[in-house]
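# A structural walkthrough
Listed below are the residues making up each chain.
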Amino acid sequence: MTRYERQRHRMVEYQIRRRGIRDPRVLGAMERVPRHQFVAADLREHAYEDNPLSIGRGQTISQPYMVALMTESVVPRPDDRVLEVGTGSGYQTAILAELAREVYSVEKIPELAERAKGLLSRLGYENVWVRIGDGSTGWVEEAPFDVIVVTAGAPEIPAPLVEQLGVGGRLAIPVGSAYHQVLNIVRKERDGIRKVEGTGCVFVPLIGTFGWKEKGSERHS
Ligand code: SAH
């Protein structure tokens, strides 16, 4: 085992499994994806710590536990088609790509989208498509999706995302103010949607047509 593999194994055990994430597929994906490659070289030694880290442009790679929790809450299955809004570093994208058939990911900052795309391809993920744009409107050409994961905080649940969810589909999205949100899990049923509110969380803001307005939204978390 390399040093990073040891650190990753400890991360999964102490930060994730012992906090209640039990889905073996999710735990397996968290063991496999080399999180240290998704941060800049000078942050690698911190990649397996229990917090988010900067990925530049005022954005962050989410805390490992939050990635695991969001992933477990949407129950990705091997045949699923997934939409991710907020590619960022591409780390959550990789976790989803380990568990589902296809992952479509939208990132609004071109530099981050390009970097994530290159890394995911170097790591051998062939079932991932990254697009530059406003993911608050979804990815209508590829809809419907079985799973949608939004990794930025929204003022409310964007209607296009609910529309682009297939029947039986699951959507995870942090909803709240620009500084604090609650993880919402939405399930689309034949006769409507069911929503469950989960844990409190802090994500960078979702900026876009169905998110926050660009102006004054810079965050440095
Ligand atoms: N899952 C990522 C999280 C990155 S932070 C990771 O763990 O690395 C959230 C990302 O959402 C940021 O990169 C930000 O630029 C992006 N974002 C914010 N609003 C967006 C929007 N409307 N469409 C697409 N991406 C958006």
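Here, the structure is the one placed above.
The residue numbering used here restarts from 1 in each chain and proceeds along that chain's sequence as written. For this predicted model, a pLDDT threshold of at least 70 governs which residues receive local features, and a threshold of 80 or more governs which side-chain atom pairs are given and counted, while totals over whole chains, interfaces and linings are taken from all residues. Processing note: side-chain calculations cover all non-hydrogen atoms of the structure and skip hydrogens and water entirely.

### Comments concerning the environment of Thr 151
Tracing the sequence through the fold places Thr 151 in the loop between strand E6 (145-150) and helix H6 (159-163). Measuring from C-alpha to C-alpha, the distance between Thr 151 and Ile 61 comes to 9.4 Å, with 90 residues separating the pair along the chain. Setting aside residues no more than four positions away along its own chain, Thr 151 makes contact with Glu 84, Val 85, Gly 86, Gln 92 and Phe 203. Each polar contact in these results corresponds to two N or O atoms within 3.5 Å; when the atoms are within protein, one needs to be able to donate a hydrogen and the other to accept it, and residues that are neighboring in sequence are counted only if both atoms are side-chain atoms. Only 2.7 Å separates the side chain of Thr 151 from the backbone oxygen of Gly 86, close enough to count as a polar contact. Each helix corresponds to a stretch of at least 4 residues labelled H or I by DSSP, and each strand to a stretch of at least 2 residues labelled E; elements are numbered beginning at the N terminus. Note on contacts: a residue pair qualifies if any of its non-hydrogen atoms lie within 4.5 Å across the two residues.

### Some details on the site of the ligand
Around the ligand lies a shell of 26 residues, among which Ser 89, Glu 107, Asp 134, Gly 135 and Ile 207 are the nearest. Backbone polar atom of Gly 135 to a nitrogen atom of the ligand: 2.8 Å apart, as the coordinates give it. For the ligand, the protein covers 99% of the area, taking 580 Å² as the surface of the free molecule. Its residues assigned to classes, the shell around the ligand comprises ten nonpolar, twelve polar and four charged. For this description, a residue counts as near a given molecule or strand if any of its non-hydrogen atoms is within 4 Å of it. Per-residue accessibility takes into account occlusion by the displayed protein chains alone, with areas from the Shrake-Rupley method and a 1.4 Å probe. Amino acids are sorted into nonpolar (Ala, Val, Leu, Ile, Met, Phe, Trp, Tyr, Cys and Pro), charged (Asp, Glu, Lys and Arg) and polar (every other residue, Gly among them).

### A few points about the sheet that holds strand E5 (residues 128-132)
Two strands are counted as paired when DSSP detects at least two bridges linking them. As summarised here, the arrangement of the seven strands in space is E5-E4-E3-E6-E7-E8-E9, forming an open sheet in which the pairing is mixed. Either end of the sheet is taken by a strand with one partner, and the two such strands are E5 and strand E9 (192-201). For this sheet the average axis-to-axis angle between neighbouring strands, irrespective of direction, equals 15 degrees. The sheet contact formed by E6 and strand E7 (residues 165-176) spans four bridges and is parallel. Paired with Ile 148 across the bridge in E7 is Leu 171. A fitted line through C-alpha atoms represents every axis, and for helices the fit uses only the stretch in contact; the resulting angles, taken between N-to-C directions, go from 0 to 180 degrees.

### Re the pairing of strand E8 (residues 181-189)
Alignment of E7 against E8, held across seven bridges, turns out to be antiparallel. Residue Ile 173 lies in a different strand from E8, and its bridge partner there is Asn 184. Between E7 and E8, which pair antiparallel in sequence order, lie four residues. Here E8 runs beside E9; their pairing, made up of eight bridges, is antiparallel.

### What about unusual backbone geometry?
Residue Pro 144 is reached from Ala 143 by a cis peptide bond, and omega for that bond is 5 degrees. In this structure, Arg 57 is a non-glycine residue whose phi angle is positive, near 55 degrees. Burial status follows relative accessibility: with a 1.4 Å probe on protein chains alone, a residue under 20% of its type maximum counts as buried, one over 50% as exposed, and anything between as partly exposed. Overall, Arg 57 belongs to the partly exposed group, its relative accessible area being 48%. Backbone geometry at Val 75 places phi at a positive 45 degrees, although glycine is not the residue there. Its place among the elements puts Val 75 in the loop between helix H3 (64-73) and strand E3 (81-85).

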